[in-house]
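Residues per chain, in single letters:
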Amino acid sequence: MTATTLDPRTALVLVDLQKGITALPTVHPAEEIVERGARLAEAFRKHGLPVILVRVAATPPGRADVAGHAAEFPAEFTELRPELGCTDDDIVVTKRQWGAFYGTDLDLQLRRRGVTQIVLAGISTSIGVESTARAAHEHGYHVTIATDAVTDMDADAHRHSLEKIFPRLAETDTTDAVIALLG
């Protein structure tokens, strides 16, 4: 699908572009995802639109077959990548779940600013990005996903999110196309 428009009050939400996550092996090189995220952030800042940098600081509690026990991560793991150029105007959201909405003030931060749409990018496609896209859709936001600015640790999960899930929740397009829609 092709992204058709961006609302006048659109925010960029970059998911888990932090040192610990970007050090993991991914389908597409994390360096490319960080670079595209940085380009998106620069473009949004240039247009005076909100940039939200989400980082994960713990694993969620609860039993699962493959998840470990709930744990806090070391400080260096949660540090945002410096290439993102975090400014005092950016909003930093720290989450302890997969998605950026549950248990955080993300929805409040967006609504205070009159945001009606979010553009999503980050790692990992099938976990943090997809969970955040699902919640954004459920909260009534228009969602756009920069498909070349997301990656995952699992190729099949990445492909499934891009081909089966995102088209039902969002418009999708490339980083360059999203930046072009900013005008």
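Rules behind the numbers
Residues numbered from 1 in each chain as written. Predicted model: local features only at pLDDT ≥ 70, side-chain atom pairs only at ≥ 80, totals over all residues. Heavy atoms only, no water. Helix = DSSP H or I, 4+ residues; strand = E, 2+ residues; numbered from the N terminus. Buried < 20%, exposed > 50% of the residue type's maximum accessible area, 1.4 Å probe, protein only. Contact = heavy atoms within 4.5 Å. Axes fitted to C-alpha atoms, helices over the stretch in contact; angles between N-to-C directions. Parallel < 35°, antiparallel > 145°, perpendicular 65-115°, else oblique. Nonpolar A, V, L, I, M, F, W, Y, C, P; charged D, E, K, R; others polar. Expected span 1.5 Å × (residues − 1). Phe/Tyr/Trp six-rings, centres within 6.5 Å; stacked < 30°, edge-to-face > 60°. Pairing = 2+ DSSP bridges.

Draft legend 1. How the structure looks around the environment of valine 54. With respect to the helices, strands and loops of the structure, valine 54 is situated in strand E2 (residues 51–56). Residue valine 54 is classed as buried on the basis of its relative accessible area of 0%. In sequence terms valine 54 and glutamate 171 are 117 residues apart; their C-alpha atoms lie 21 Å from each other. Those residues in contact with valine 54 that sit more than four places away from it in its chain are Val13, Leu14, Val15, Asp16, Leu17, Gln18, Leu80, Val93, Lys95 and Ala100.

Draft legend 2. Molecular detail of the packing of helix H5 (residues 125–138) against helix H6 (residues 155–169). Where H5 meets H6, the axes come as close as 10 Å, and the angle between the chain directions of the two elements is 10°. With respect to H6, the axis of H5 lies roughly parallel. For the pair H5 and H6, the contacting residues are Thr125, Ser126, Val129, Glu130, Ala133, Arg134 and His137 in the first and Ala157, His158, Ser161, Leu162, Ile165, Phe166, Arg168 and Leu169 in the second. The residue makeup of the contact of H5 with H6, split by class, is seven nonpolar, five polar and three charged.

Draft legend 3. Examining H5 more closely. A rise of 1.5 Å per residue sets the reference length of H5, with its 14 residues, at 20 Å; its end C-alpha atoms lie 18 Å apart and thus fit the reference within 8%. Those residues of H5 that fall on the buried side of the exposure criterion are Thr125, Ser126, Gly128, Val129, Glu130, Thr132, Ala133, Ala135 and Ala136. The inward-facing, buried residues of H5 abut strand E1 (10–15), strand E3 (91–95), strand E4 (117–123), strand E5 (142–151) and H6. Within two residues after H5, glycine 140 carries a phi angle of roughly 90°, on the positive side.

Draft legend 4. Region of the structure containing the packing of aromatic side chains. Counted under the stated rule, the structure contains two aromatic pairs. On the basis of an interplanar angle of 40° and a centroid distance of 4.4 Å, the ring pair of phenylalanine 73 and phenylalanine 77 is categorised as tilted. For phenylalanine 73, a relative accessible area of 25% gives the class partly exposed. Aromatic pair phenylalanine 101 and tyrosine 141: ring centres 6.0 Å apart, planes at 35°, arrangement tilted. In this pair, phenylalanine 101 is assigned in the loop between E3 and helix H4 (106–112) and tyrosine 141 in the loop between H5 and E5, connecting sequence segments 40 residues apart. With respect to burial, phenylalanine 101 and tyrosine 141 carry one shared label: buried.

Draft legend 5. Quick peek at the sheet that holds E4. Strands sit in the order E3-E2-E1-E4-E5-E6 across an open sheet of six strands; the sheet is parallel. The outermost strands of the open sheet, each flanked by one partner alone, are E3 and strand E6 (171–173). Geometrically, the sheet is characterised by an average inter-axis angle of 25° between neighbouring strands, direction not taken into account. Where E4 meets E5, six bridges bridge the pair, whose relative direction is parallel. What sits directly across from glycine 122, in E5, is valine 150. Across the sheet, H5 touches E1, E3, E4 and E5, and the angle it forms with E4 is around 165°. Sheet contacts for H6: E5 and E6; angle to E5, the most-contacted strand, approximately 165°.

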